[in-house]
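# Observations on chain architecture
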Amino acid sequence: MCDYCGCRELTPIGELSAEHEEITERAGALERRLAAGEDATAELVALQLALGPHLHKEERGLFAQLARHPEFAGYLERLGTDHASARAVLLRVTRADLESAPALLAGLRELETHIETEEFDFFPASRLILDDESWSEVAEAHLRANADHPHPATTG
Ligand SMILES: [Fe+2]
Ligand SMILES: [Fe+2]
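Structural notes, computed from the coordinates. (Residues numbered from 1 in each chain as written. Chains lettered and ligands numbered in written order. Predicted model: local features only at pLDDT ≥ 70, side-chain atom pairs only at ≥ 80, totals over all residues.)

## Focus: the overall build of the protein
Going by this rule: Only DSSP runs of H or I with at least four residues qualify as helices, and only runs of E with at least two residues qualify as strands; both kinds are numbered from the N terminus onward.
Tallying secondary structure elements over the protein gives six helices and zero strands in all. Shown N-terminal to C-terminal, the secondary structure of the protein runs as helices and strands in the order α-α-α-α-α-α.

## Remarks on the packing of helix α1 (residues 12-35) against helix α4 (residues 101-129)
Here is the rule we go by: Lines fitted to C-alpha atoms define the axes here, with helix axes fitted over just the stretch in contact, and angles between the N-to-C directions of these axes take values from 0 to 180 degrees. When an angle is under 35 degrees it counts as roughly parallel; over 145 it counts as roughly antiparallel; between 65 and 115 it counts as roughly perpendicular; any other value is oblique. By the definition used in this description, the sense in which the near helix is turned from the far one sets the handedness, with an anticlockwise turn below a right angle giving left-handed and a clockwise turn giving right-handed. This entry defines residue contacts through backbone-placed C-beta atoms, with two residues in contact when those atoms are within 7 Å. For this scheme, ten residues count as nonpolar: Ala, Val, Leu, Ile, Met, Phe, Trp, Tyr, Cys and Pro. Four count as charged, namely Asp, Glu, Lys and Arg, and the remainder, Gly too, count as polar.
Relative to each other, α1 and α4 sit at 160 degrees, their axes nearing to 11 Å. By the angle class used here, α1 and α4 are roughly antiparallel. Crossing of α1 over α4 shows left-handed handedness. Every residue of α4 that contacts α1 at Ile 13, Ser 17, His 20, Ile 23, Thr 24, Ala 27, Glu 31 and Leu 34 is listed here: Ala 101, Leu 108, Leu 111, Ile 115, Glu 119, Phe 123 and Arg 127. Taken together, the residues of the contact of α1 with α4 sort by class into nine nonpolar, three polar and three charged.

## Focus on the nonpolar core
How we decide: As used here, a nonpolar core is made of buried Ala, Val, Leu, Ile, Met, Phe, Trp, Tyr and Cys residues. They are joined through C-beta atoms within 7 Å. Once C-beta atoms are placed from the backbone, each residue is buried if 20 or more other C-beta atoms lie within 10 Å of its own, exposed if 12 or fewer, and partly exposed for counts between those two.
By size, the foremost hydrophobic cluster in this structure holds 16 residues, and its most contacted members are Ile 23, Ala 27, Leu 47, Leu 51, Leu 90 and Leu 111. Mapped onto this core, the elements with two or more residues apiece are α1, α2 (41-66) and α4. Counting residues per element, this core draws most heavily on α2, which supplies five residues. Contacts of Leu 51, omitting those with residues within four sequence positions, involve Ile 23, Ala 86, Leu 90 and Leu 91. Counting eight residues, the second-largest nonpolar core is a separate cluster that includes Phe 63, Phe 122, Val 138 and Ala 145.

## Digging into the environment of Ala 84
Note on placement: Ala 84 falls in helix α3 (residues 73-88). Exposure remark for Ala 84: the 11 C-beta atoms within 10 Å place this residue in the exposed category. The sequence separation of Ala 84 and Leu 55 amounts to 29 residues, and the corresponding C-alpha distance is 9.3 Å.

## Description of α1
The condition is simple: A helix is expected to span 1.5 Å for every residue after the first.
For α1, with 24 residues, the first-to-last C-alpha span of 34 Å sits near the 34 Å given by 1.5 Å per residue. Among the residues of α1, those classed as buried are Pro 12, Ile 13, Glu 15, Leu 16, Ser 17, Glu 19, His 20, Glu 22, Ile 23, Arg 26, Ala 27 and Leu 30. Count one or two residues on from α1 and you reach Gly 37, which has phi positive near 70 degrees.

## Observations concerning the packing of α2 against α3
At a closest axis distance of 11 Å, the pairing of α2 and α3 adopts a crossing angle of 165 degrees. In terms of orientation, α2 and α3 fall into the roughly antiparallel class. The interaxial crossing formed by α2 with α3 has left-handed handedness. Touching Leu 51, Leu 55, Glu 59, Phe 63 and Leu 66 of α2 are Leu 76, Leu 79, His 83, Ala 86 and Arg 87, all from α3. For the contact of α2 with α3, a count of residues per class yields seven nonpolar, one polar and two charged.

## A short note on α2
Residue pairs spaced three or four apart in an α-helix point in one direction, given the helix's 3.6 residues per turn. To keep things clear, this is the line we draw: A residue's bend is simply the angle between two axes: one fitted to the seven residues ending at it, one to the seven starting at it.
Spanning 26 residues, α2 covers 36 Å between terminal C-alpha atoms, matching the ideal 38 Å at 1.5 Å per step. Largest kink in α2: about 35 degrees, centred on Glu 59.

Structure, rendered in structure tokens:
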């Protein structure tokens, strides 16, 4: 955990960033397996286990609070579309689909771009716009999300 950047403190954003690292690692492992032409089933499942709960947590926490700010409407629509696409492709891919790597690889590229947008644009903007009450709501939503869908990165 970085000690210098406020974004990496143990806040809801720190939690989401830790999950991004986990997801990025798992996506990389999956790609390496696919590139080597090896069985990537375990890596696919590991990515899906981390990604599903993460999308849910962002939507219930940060997205829900920012939806109260009309100026974020277009932005949230774009990020929401990314989430829908991740669900339609990455979370729906099964072992049998691993043969059709192009769609999966395109989905992984989209996910990479999405995470960069959140890390470098969306999270910093959130820090500027949300007040303490909203952050408490986000933290509460994270606790509920963690209870409903334990995430590998936050449950050890
Ligand atoms: Fe997201
Ligand atoms: Fe995210």
